[in-house]
Amino acid sequence: MRSPLLMTPGPTQIHESVRSAMAKNITNPDLDVSFFEFYKETCNKLKKLLNTKEDILILGGEGILGLEAACASLIEPEDRVLCIDNGIFGNGFGDFVKIYGGKVEYFKGDYRKAIDIEELEQFLVKDHNFKLATMVHCETPSGITNPVDKICNLLNKYNIISVVDSVSAIGGELVEVDKWGIDIILGGSQKCISASPGLTFLSISKRAWNTILNRKTPIASFYCNLALWKNWYEEKWFPYTQPISDIYGLDCAIDIILEENNYIERHRSLSEKVRNAIIKSGLELYPLDGYSNTVTTMVIPKGITFNEIYNNMLNEHNIMVAGAFDYLKDKVIRIGHMGENCHEEKIYITLKALDETLKKYGVKIDGSIHKYFAE
Ligand SMILES: *Cc1c(COP(=O)(O)O)cnc(C)c1O
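Residues numbered from 1 in each chain as written. Predicted model: local features only at pLDDT ≥ 70, side-chain atom pairs only at ≥ 80, totals over all residues. Heavy atoms only, no water.

### Quick word on the environment of K47
Within the secondary structure layout, K47 lies in helix 2 (residues 33–50). K47 sits 13 residues away from S34 along the chain, and the two C-alpha atoms are 20 Å apart. Apart from residues lying up to four places away in sequence, K47 is in contact with T52, K53, E54 and I56. (Helix = DSSP H or I, 4+ residues; strand = E, 2+ residues; numbered from the N terminus. Contact = heavy atoms within 4.5 Å.)

So this is what it looks like as structure tokens:
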């Protein structure tokens, strides 16, 4: 298999030290008490990253597992759930709610803009009888970041539990779980954290734990049952054998982020330069506001198709970029400048390859994308 420079919005490039950590010899994670201490230390590092004192769990399975586990554990049949929807992941959250019997009400935002907090406020004034609300921090397919801080603040006024999918934002954008009053936020290993795909992690507030542990009906799942994890440390027991090598990798990847201590500004400033380069080149960004700092989504210009861009960049430059799916299929390309991808040189060669590719197919560009980026 080839190993191109992965400039996709997850999975991202993995640092050599993370790969070495994954290759370490293992112990038996069910029996060895030192593994429980190690797991706890990794959770403590995630607490730093998320600015929280609440419990953290790391589960073996990628982001979707965290999202489904939150739904399975919180929702009882007939519970009213508000699904805040301005994109593919936001809308899809509702499908998981329905699997567990929740009654979904959608708050629909503009799919090219961040959630409008005033519109949401007007909606909630009229209808706020919800047990919980789901939302997506960064809509990865469209490259839009939502104001999770303001949304959660608003939900807290009405005592609505918040569940936030931050898979493509944690490790690239500021997350303040305690200050913003987030009940459950979940992330994945393979996006801005830049570890291998395979893990999800969640922070769980006291209110969320109370809700999970005081249900009237049993949780209709084993793998997605967070209640089973409540006393893992005291009991030195996990519901299933932990993917120890993946957790070695995650632990090392978080160390890299915490040691750098500048990742938020790095993502902010480099993503701004990417957007400016695209605009100056006369190309079009997909979002109209709420631009993500971790992924840039560009409308595919006339005269070239997604497959032509993808194949030329991969075959001629060994760089992989992504398209999107659903209603955005063949309409946009996405550059994931997140985690290990978010470094000047990698972005520069990606934009240079994009510039060459677009010009090869006759797309008119004023100047050069990579030169605008480097300015
Ligand atoms: C990547 C991602 C997930 C996890 O989905 P996979 O594509 O299956 O890895 C969940 N939510 C968001 C917002 C994501 O970007």
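### Some points on the side chain of S162
Here S162 shows up in strand 8 (residues 161–165). A relative accessible area of 1% places S162 in the buried class. Leaving out residues up to four positions away in the same chain, S162 has contacts with A133, M135, C152, L155, G181, I182, D183 and I184. (Buried < 20%, exposed > 50% of the residue type's maximum accessible area, 1.4 Å probe, protein only.)

### Observations regarding the sheet that holds strand 3 (residues 80–85)
Spatial ordering of the open sheet is given by 2-10-9-8-5-3-4, a layout of 7 strands whose pairing is mixed. What marks the edges here is a single partner per strand, and that holds for strand 2 (55–60) and strand 4 (103–108). If you compare each strand with its neighbour and ignore which way they point, the axes differ by 20° on average. As defined by bridge partners, strand 9 (residues 184–188) adjoins strand 10 (residues 199–204) across 5 bridges and the pair is classed as antiparallel. By the bridge assignment, G188 is partnered in strand 10 with T200. Its contacts with the sheet put helix 10 (residues 244–260) on strand 2 and strand 10, and the angle it makes with strand 10 is roughly 65°. (Pairing = 2+ DSSP bridges. Axes fitted to C-alpha atoms, helices over the stretch in contact; angles between N-to-C directions.)

### A closer look at the site of the ligand
Neighbouring the ligand are E62, I64, F89, V136, C138, T140, D165, V167, S168, Q190 and K191. Residue E62 places a side-chain N or O atom 2.4 Å away from an oxygen atom belonging to the ligand. A distance of 3.0 Å separates an oxygen atom of the ligand from a polar atom in the side chain of Q190. Here the residues of the shell around the ligand sort into 5 nonpolar, 3 polar and 3 charged. (Near = heavy atom within 4 Å. Polar contact = N/O pair within 3.5 Å; in protein donor to acceptor, adjacent residues only side chain to side chain. Nonpolar A, V, L, I, M, F, W, Y, C, P; charged D, E, K, R; others polar.)

### Regarding the UniProt feature "domain: Aminotransferase class V" (unreviewed entry) in the protein
Those residues carrying the UniProt feature "domain: Aminotransferase class V" (unreviewed entry) are residues 29–321 in this numbering. Structurally, residues 29–321 is divided into 43% helix and 17% strand, and its ends, taken at the C-alpha atoms, are 37 Å apart. (UniProt positions renumbered as here; feature names shortened; annotations may be inferred.)

### As for the nonpolar core
One finds Y39 and L57 to be the most contacted residues of the largest nonpolar core, which totals 82 residues. Those residues in contact with Y39 that lie beyond four places of it in its chain are L57, I58, W229, W232, F238, Q242 and I247. With 28 residues, the next largest nonpolar core counts I309, V321, C342 and L351 among its residues. (Core = buried A, V, L, I, M, F, W, Y, C linked by side-chain atoms within 4.5 Å.)

### What to know about the pairing of strand 4
Every other side chain in a regular strand lies on the same face of the sheet, so the side chains alternate between the two faces. The pairing of strand 3 with strand 4 spans 6 bridges and is classified as parallel. Residue pairing across strands places I84 opposite F107, the latter belonging to strand 4. With helix 4 (residues 88–99) bridging strand 3 and its parallel neighbour strand 4, the resulting β-α-β unit is right-handed. (Right-handed = clockwise from strand over helix to strand, strands pointing away.)

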